[in-house]
Amino acid sequence: MTVSFRKMHGLGNDFVVVDVRQSGVGFTEEQVRRIGDRRRGIGFDQFITIEPPRQAGATIFMGIRNPDGSVAGACGNATRCVSALLMAETGSDAVVIETVSGLLPATRTTDGTVTVDMGPARLDWQDLPLAEARDTLHLGIGAGDLHDPVGVSMGNPHAVFFVEDVAAVPLTEVGPVLENHALFPKRCNIEIVEVQARDRLRMRVWERGAGITQACGSGACATLVAAARRGLADRRAEVILDGGSLMIEWRDSDGHVLMSGPTATSFTGIFDGSLLA
Ligand SMILES: N[C@@H](CCC[C@H](N)C(=O)O)C(=O)O
């Protein structure tokens, strides 16, 4: 059996996308790790499966896995990429992506930008989850010069640290320490953020199960929410990541977070048998 895939990215946050709606093919944790090897496999920040929908109203179900094989509850950049694929397939400018965290409606504008309703920001300590009850506005932990992040769940956990200069933070050192902090029983995505203006935030990310990536859509959403909660930003802002910018809005009426940005396909291919053995 041949299995084809598509390599996509959103601002350099890259994905192997496999459509298993017809074949029903499944991938073990070991296979995902092998495909994720950037020298011996293909390499990706997230491995994405397009599956038949499980809930009424959804166009497809999207499975999300990190290079270490772990399952993730949200991936903003992949949601835009998969939405663009389905829009091309259906000819519609509106689709609904289902994940383990819920239904995410997406729309496309004439310039090709895709906007995803990432759902409500979840702010209770159980939502992340944390190991114990704490106010998510002040988690009170730290590493190196980083201290006291804001906790936000966008269907996956984020801890957002505010700093003077994102370039000065040794993210490869503090990232793994904070990702695996005892306060996070399911580990955590770590964002460091420099507030440049009330509508412009510069962010770098250490992703759970992936390490430093060029962009993290759910992390950009968590960043805006955290900055607004701390009174540092308005409810709509540009979030500038290593790979480019996303526009993020935390809607007043229902607390949903809207993320807008580009999508791209790099190439398509067919898995060699040895990767799936
Ligand atoms: N790159 C993603 C987030 C991917 C999942 C994350 N590493 C996790 O484990 O929660 C995005 O664009 O949101």
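Rules used in this analysis
Residues numbered from 1 in each chain as written. Predicted model: local features only at pLDDT ≥ 70, side-chain atom pairs only at ≥ 80, totals over all residues. Helix = DSSP H or I, 4+ residues; strand = E, 2+ residues; numbered from the N terminus. Rg over C-alpha atoms; globule rule 2.2 N^0.38 Å. Buried ≥ 20, exposed ≤ 12 C-beta atoms within 10 Å, placed from the backbone. Contact = placed C-beta atoms within 7 Å. Near = placed C-beta within 6 Å. Domains from an automatic or database assignment. pLDDT = per-residue confidence, 0-100. UniProt positions renumbered as here; feature names shortened; annotations may be inferred.

### Re the overall build of the chain
In step 1: Scanning the chain for helices and strands turns up 5 helices and 18 strands.
In step 2: Its C-alpha radius of gyration of 18 Å places the chain within 12% of the 19 Å reference for a compact globule of 277 residues.
In step 3: Principal axes of the C-alpha set define a box for the chain whose edges measure 50 × 40 × 30 Å.
In step 4: Counting the 277 residues in the chain, one finds 45% classified as buried.
In step 5: The contacts of the chain with a sequence gap of at least 6 include a subset with a gap of at least 24, amounting to 64%.

### Thoughts on the site of the ligand
In step 1: Looking at the ligand, there are 20 residues lining it, with A72, N77, N156, G217 and S218 nearest.
In step 2: Of all the secondary structure elements, the ones that give two or more residues to the shell around the ligand are α2 (76-90) and α4 (217-229).
In step 3: Here the shell around the ligand takes 3 residues from α4, the largest share from any one element.
In step 4: When residues of the shell around the ligand are sorted by domain, at least three fall in each of domain 1 (4-117 + 262-272) and domain 2 (120-260).

### Concerning the environment of L11
In step 1: One can find L11 in the loop between β1 (4-10) and β2 (13-19).
In step 2: Given 23 C-beta atoms within 10 Å, L11 falls into the buried group.
In step 3: C-alpha of L11 to C-alpha of L128: the two residues are 117 residues apart in sequence and 25 Å apart in space.
In step 4: Setting aside chain neighbours within four positions, we find L11 in contact with N77, Q214, A215, L241, G243, G244, G261 and P262.

### Here's the deal with the confidence of the model for the chain
In step 1: Of the residues in the chain, 100% reach a pLDDT of 70 or more, and the chain-wide mean stands at 97.
In step 2: Per the prediction output, this complex has pTM 0.98; the corresponding ipTM is 0.99.

### Considerations on the UniProt feature "active site" (unreviewed entry) in the chain
In step 1: Per the UniProt record, "active site" (unreviewed entry) is found at C75 and C216. Maximum C-alpha separation among the annotated residues is 7.4 Å over a sequence range of 142 residues, consistent with a single clustered spot.
In step 2: Structurally, C75 is set in the loop between β4 (60-65) and α2.
In step 3: With 29 C-beta atoms counted inside 10 Å, the residue C75 sits in the buried group.
In step 4: Within the secondary structure layout, C216 lies in the loop between β14 (211-213) and α4.

### Observations regarding unusual backbone geometry
It is generally the case that most residues other than glycine have a negative phi and that most peptide bonds are trans.
In step 1: A cis amide bond, omega -5 degrees, links L128 with the succeeding residue P129.
In step 2: Topologically, P129 is positioned in the loop between β7 (114-120) and β8 (142-143).
In step 3: With a phi close to 55 degrees, L11 is a non-glycine residue in the positive phi region.
In step 4: For R187, which is not glycine, the phi dihedral falls at a positive 65 degrees.
In step 5: The topology assignment puts R187 in the loop between α3 (171-179) and β12 (189-197).
In step 6: For R187, a count of 18 C-beta atoms within 10 Å corresponds to the partly exposed category.

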